[in-house]
Amino acid sequence: MDFHSRSAGEKEFITMSDKSSGKPSMDSFSFSVSHQWFGTGLMRLTMTTVGVLVFLLALPTLTFAEEIADSTKPIVWFDTGKTAFALLTFAICATVIICTELARRGKPFYVRPIAGLLAMEEAVGRATEMGKPILFVPGIEDIKEIDTVAGLMVLSSVAKMAAEYDTPLEVPTSRALVMTAAREAVQAAALAAGRPDYYNEDRIHYITDEQFGYVASVCGWMYREKPAACFFLGKFFAESLFLAEAGNAVGAIQIAGTAETTQLPFFVAACDYTLLGEELFAASAYLSGEPAQLGMLKGQDFGKLGAIVLVILGCMLATWDSISPRGKNAEGQNLPRRSQWITDTVLKGG
Amino acid sequence: MSKTVPVLIASIVGCLMIVAYFSPPLLPARQMAEDWFTIVATIAIFLGGANLCLHHLKKISDREAGWGFSAVTLISFAITIAVGLLKIGVVPESEQQIKLAWSGPFQQEGSGFWWIYQYLFSPIVSTMFALLAFYVASAAFRAFRAKNLEAILLLITALIVLVGQTRDREITSLFLPPPAEGTPPYVPIADLTEFIRKTFVTAGQRAIMIGIALGVVATSLRILLGLDRSYLGGDE
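As the structure is a computational prediction, the values presented were derived from the model and not from experiment.

Criteria and cut-off values
- Residues numbered from 1 in each chain as written.
- Chains lettered and ligands numbered in written order.
- Predicted model: local features only at pLDDT ≥ 70, side-chain atom pairs only at ≥ 80, totals over all residues.
- Heavy atoms only, no water.
- Helix = DSSP H or I, 4+ residues; strand = E, 2+ residues; numbered from the N terminus.
- Buried < 20%, exposed > 50% of the residue type's maximum accessible area, 1.4 Å probe, protein only.
- Areas by Shrake-Rupley, 256 points an atom, 1.4 Å probe, with all protein chains shown as cover.
- Contact = heavy atoms within 4.5 Å.
- Salt bridge = Lys/Arg side-chain N within 4 Å of Asp/Glu carboxyl O.
- Expected span 1.5 Å × (residues − 1).
- Arc of directions from axis to C-beta.
- Phe/Tyr/Trp six-rings, centres within 6.5 Å; stacked < 30°, edge-to-face > 60°.
- Lys NZ or Arg CZ within 6 Å of the ring centre and 35° of its normal.
- Core = buried A, V, L, I, M, F, W, Y, C linked by side-chain atoms within 4.5 Å.
- Polar contact = N/O pair within 3.5 Å; in protein donor to acceptor, adjacent residues only side chain to side chain.
- Nonpolar A, V, L, I, M, F, W, Y, C, P; charged D, E, K, R; others polar.
- Axes fitted to C-alpha atoms, helices over the stretch in contact; angles between N-to-C directions.
- Parallel < 35°, antiparallel > 145°, perpendicular 65-115°, else oblique.
- Left-handed = near helix turned anticlockwise from the far one by under 90°.
- Pairing = 2+ DSSP bridges.

**With respect to the overall build of chain A**
Moving on, step 1. Summing up its helical and strand segments, chain A has twelve helices and nine strands in all.
Moving on, step 2. Residue burial in chain A is summarised as follows: out of 350 residues, 43% are buried.
Moving on, step 3. Working note: accessible area of chain A is about 17,800 Å², and carbon and sulfur atoms make up 61% of it.

Given below as structure tokens:
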């Protein structure tokens with residue numbers, strides 16, 4: 001079996017064939033890749049990038065393996081103490097992927113409406129009617145935080161709506177990398193809305209990494225420009241209440257969302273709508289309306305169902321533990337509770 | 001293509017981070033990926049600094065609302081960078097070092113940069129943080145309006161927790177007589193506060209955290225599988 005390409009000039013394919021017979025063997029496995037695509041510099045660049053990445057990531061691994069090989073200890077490729085957690089992770093991922101695939105194949109899923117997300121268009125519409133700008137704050141952390149990425153995903157949808165209505169959208173950022181990503185997201189949204197002229201990179205700018213310096217700048221802008229709608233979606237800390245109260249003071253409709261449980265009460269108290277934890281991560285999929293992404297939300301719901309079942313089982317086990325007599329070990333001491341073993345050994349991986 | 005390569009990088013590095021959690025030999029590779037991020041983020045500081053200057057210079061030249069603040073920002077930025085880079089006020093720390101200001105750390109006590117941090121930056125940040133108390137009061141005033149049953153329950157709970165947090169034992173013990181010798185002190189409001197915090201608040205927070213964990217898994221999968229590229233500007 002080898003890979004060969006047909007003569008140049010004609011529409012070319014790379015075909016897996018049997019050299020001896022000259023006929024395509026293993027029909028079910030034979031595949032064709034458009035040479036037009038494979039042969040382009042873009043594909044080569046992609047493959048090179050992947051190769052370089054794999055090499056650079058494998059290098060320290062191999063070095064480490066060599067160091068281990070020198071010692072008497074064998075290389076442990078899998079930490080068996082984390083088996084239960086690995087299985088749990090695998091089960092959740094599998095559920096999410098299965099639901100995505102089912103949604104792709106056309107299976108309809110019901111996704112409950114989320115008030116905060118339904119209000120987004122209303123907020124943008126309100127800003128348009130009032131002729132005032134929209135403020136979008138993607139949190140104060142860097143792009144490596146999943147909350148920030150979730151915020152940027154929502155920014156894409158908000159920017160598309162704002163571009164359709166031609167309402168100015170201000171995106172001050174506290175990290176330079178977030179600024180770059182936000183610019184990409186808004187520019188693409190403007191293009192998707194058919195309004196490439198809407199994109200103005202001056203409106204997406206970097207302020208400072210310093211938490212309270214950022215707050216002072218954004219609050220100052222809010223008091224001067226009086227935005228009609230404020231979106232606070234990302235990772236927030238003590239600055240959450242400053243921003244939400246400033247928005248409240250200027251009479252803006254406010255939609256906030258964060259996965260920081262300590263900041264949620266502040267947003268709930270000061271904002272019109274709050275996306276609580278998981279709703280922030282669901283927002284992008286919900287707003288996109290794509291079946292595959294909505295399927296993921298359903299998979300997430302199944303994961304939640306599993307968590308509920310486990311919580312109930314855990315409660316029952318803990319209750320049984322507290323009322324049943326406990327055995328003793330060889331030294332006559334009480335054995336640890338079963339629920340404690342599950343918590344310490346199974347869930348925490350020893 | 002400008003989206004394909006970033007998605008590939010995100011997918012490969014993301015998968016590596018997951019696998020490395022379970023496979024100890026991959027930990028150096030994981031550490032390397034984290035180091036790369038630090039390097040990229042550090043380089044991005046120049047991008048941020050350049051953007052900061054351009055943004056504020058434009059505001060000044062256009063005489064936009066609040067352009068005076070932009071001037072203050074730029075002047076402060078320039079002075080801080082100059083003082084830090086030139087190590088103004090830094091003295092050599094030991095006899096072994098070359099007796100030039102460059103041989104000492106820029107944050108050395110008594111240096112210009114240290115002075116700016118200690119006597120300008122730190123008080124300003126403290127002032128901003130102190131304002132939080134007033135914002136909490138105004139937010140609490142709105143949130144605790146007893147307009148319906150839920151709001152009344154919230155108000156009562158908040159009052160119990162608020163009073164229970166005070167250190168005045170006479171208030172938190174409801175002026176009950178001190179307990180007899182050898183018996184543990186019973187402080188009704190403080191104990192009730194602890195009960196509320198440990199039982200209801202913890203239960204609620206854990207429920208939210210389980211949801212967040214599942215949301216993180218689903219979002220991470222969307223990113224790793226390249227299903228959602230909106231954070232990179234979507235599909236081309």
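**Considerations on the overall build of chain B**
Moving on, step 1. The helix and strand tally for chain B stands at eight helices and zero strands.
Moving on, step 2. When its helices and strands are written in sequence order, chain B yields α-α-α-α-α-α-α-α.
Moving on, step 3. Per-residue burial over chain B gives 29% buried out of 236 residues.
Moving on, step 4. At a minimum sequence separation of 6, the contacts of chain B that also span at least 24 residues come to 33%.
Moving on, step 5. Surface accessibility of chain B: about 15,000 Å² in total, with carbon and sulfur atoms responsible for 71%.

**Structural notes on the pattern of salt bridges**
Moving on, step 1. Throughout the structure, instances matching the rule amount to 22 salt bridges over all chains.
Moving on, step 2. Salt-bridge contacts for Glu 245 of chain A lead to Arg 142 of chain B; the nearest nitrogen and oxygen are separated by 2.4 Å. Here Glu 245 of chain A is found in helix H8 (residues 239-249), whereas its partner Arg 142 of chain B is found in helix H5 (residues 132-143) on a different chain.
Moving on, step 3. Residue Arg 222 of chain B pairs with Asp 228 of chain B through a salt bridge whose shortest N-O separation is 3.5 Å.
Moving on, step 4. Accessibility expressed as a relative area gives 0% for Arg 222 of chain B, which makes it buried.
Moving on, step 5. According to the relative accessible area criterion, Asp 228 of chain B is buried, its value standing at 3%.
Moving on, step 6. One salt-bridge network, held together by shared partners, links Glu 145, Asp 147, Lys 235 and Glu 260 of chain A.

**A word on helix H6 (residues 149-164) of chain B**
Each full turn of the α-helix corresponds to 3.6 residues, which orients residues three or four apart in the same direction.
Residues and elements named next belong to chain B.
Moving on, step 1. The first and last C-alpha atoms of H6 sit 22 Å apart over 16 residues, in line with the 22 Å expected at 1.5 Å per residue.
Moving on, step 2. When we look at burial in H6, the residues that qualify are Ala 151, Ala 158 and Gly 164. One side of H6 carries all its buried residues, which in axial view fall inside an arc of 160°.

**Considerations on the packing of aromatic side chains**
Moving on, step 1. Taken as a whole and judged by the stated rule, the model has 16 aromatic pairs over all chains.
Moving on, step 2. Relative to Tyr 119 of chain B, the ring of Trp 115 of chain B has its centre 5.6 Å away and its plane inclined at 50°; by these criteria the two rings are tilted. Placement of the pair is Trp 115 of chain B and Tyr 119 of chain B together in helix H4 (residues 112-130), with a separation of four residues, close to one helical turn.
Moving on, step 3. Within the aromatic cluster, the residues linked to one another by ring pairs are Phe 78 and Phe 85 of chain A together with Tyr 21 and Phe 22 of chain B.
Moving on, step 4. Lying over the aromatic face of Tyr 21 of chain B, Lys 82 of chain A brings its terminal NZ or CZ to 4.0 Å of the ring centre.
Moving on, step 5. Of note, Arg 63 of chain B hangs over the ring of Trp 67 of chain B, and the distance from its end group to the ring centre comes to 4.6 Å.

**Digging into the nonpolar core**
Moving on, step 1. Among the nonpolar cores identified, the biggest contains 59 residues, and Met 120, Phe 136, Leu 169 and Phe 231 of chain A are the most heavily contacted of them.
Moving on, step 2. Element by element, the count of residues in this core is highest for helix H5 (residues 146-165) of chain A, at twelve residues.
Moving on, step 3. Dropping the residues within four chain positions of it, Phe 136 of chain A is found in contact with Gly 151, Val 154, Leu 155, Val 158, Leu 169, Glu 170, Val 171, Pro 172, Phe 231 and Leu 233 of chain A.
Moving on, step 4. Counting 30 residues, the second-largest nonpolar core is a separate cluster that includes Phe 212 and Ala 270 of chain A together with Leu 132 and Ala 139 of chain B.

**Overview of the interface of chain A and chain B**
Moving on, step 1. Facing 79 residues of chain A, the contacting portion of chain B comprises 69 residues.
Moving on, step 2. Applying the counting criterion to the chain A and chain B interface returns two salt bridges.
Moving on, step 3. The partner of Asp 202 of chain A in a salt bridge is Lys 58 of chain B, with the nearest N and O atoms 3.7 Å apart.
Moving on, step 4. At the junction of chain A with chain B, the criterion picks out ten residue pairs in polar contact (both at pLDDT 80 or more).
Moving on, step 5. A per-element tally of the side of chain A that touches chain B places helix H2 (residues 41-70) of chain A first, with eleven residues.
Moving on, step 6. Split by residue class, the side of chain A that touches chain B holds 49 nonpolar, 15 polar and 15 charged.

**Observations concerning the packing of helix H1 (residues 4-22) of chain B against helix H2 (residues 27-61) of chain B**
Residue and element names in this part refer to chain B.
Moving on, step 1. Where H1 contacts H2, the two axes come as close as 9 Å, and the packing angle between them is 140°. As judged from the angle between their axes, H1 and H2 are oblique. In the packing of H1 onto H2, the handedness of the crossing is left-handed. On H2, the residues that touch Val 13, Leu 16, Met 17, Ala 20 and Tyr 21 of H1 are Leu 27, Ala 29, Arg 30, Ala 33 and Glu 34.
Moving on, step 2. In terms of residue class, the contact of H1 with H2 is built from eight nonpolar, no polar and two charged.

**Considering the sheet that holds strand E9 (residues 273-276) of chain A**
Residue and element names in this part refer to chain A.
Moving on, step 1. The parallel open sheet is built from six strands, whose spatial order is E6-E5-E4-E7-E8-E9. Edge positions in the open sheet fall to strand E6 (204-206) and E9, since each of these has one partner strand only. Within the sheet, the average angular offset between the axes of one strand and its neighbour, ignoring direction, is 15°.
Moving on, step 2. Sheet topology note: the strand E4 (residues 134-137)/strand E7 (residues 229-233) ladder contains four bridges and is parallel. Opposite Ile 134, over in E7, you have Ala 229 as the bridge partner.

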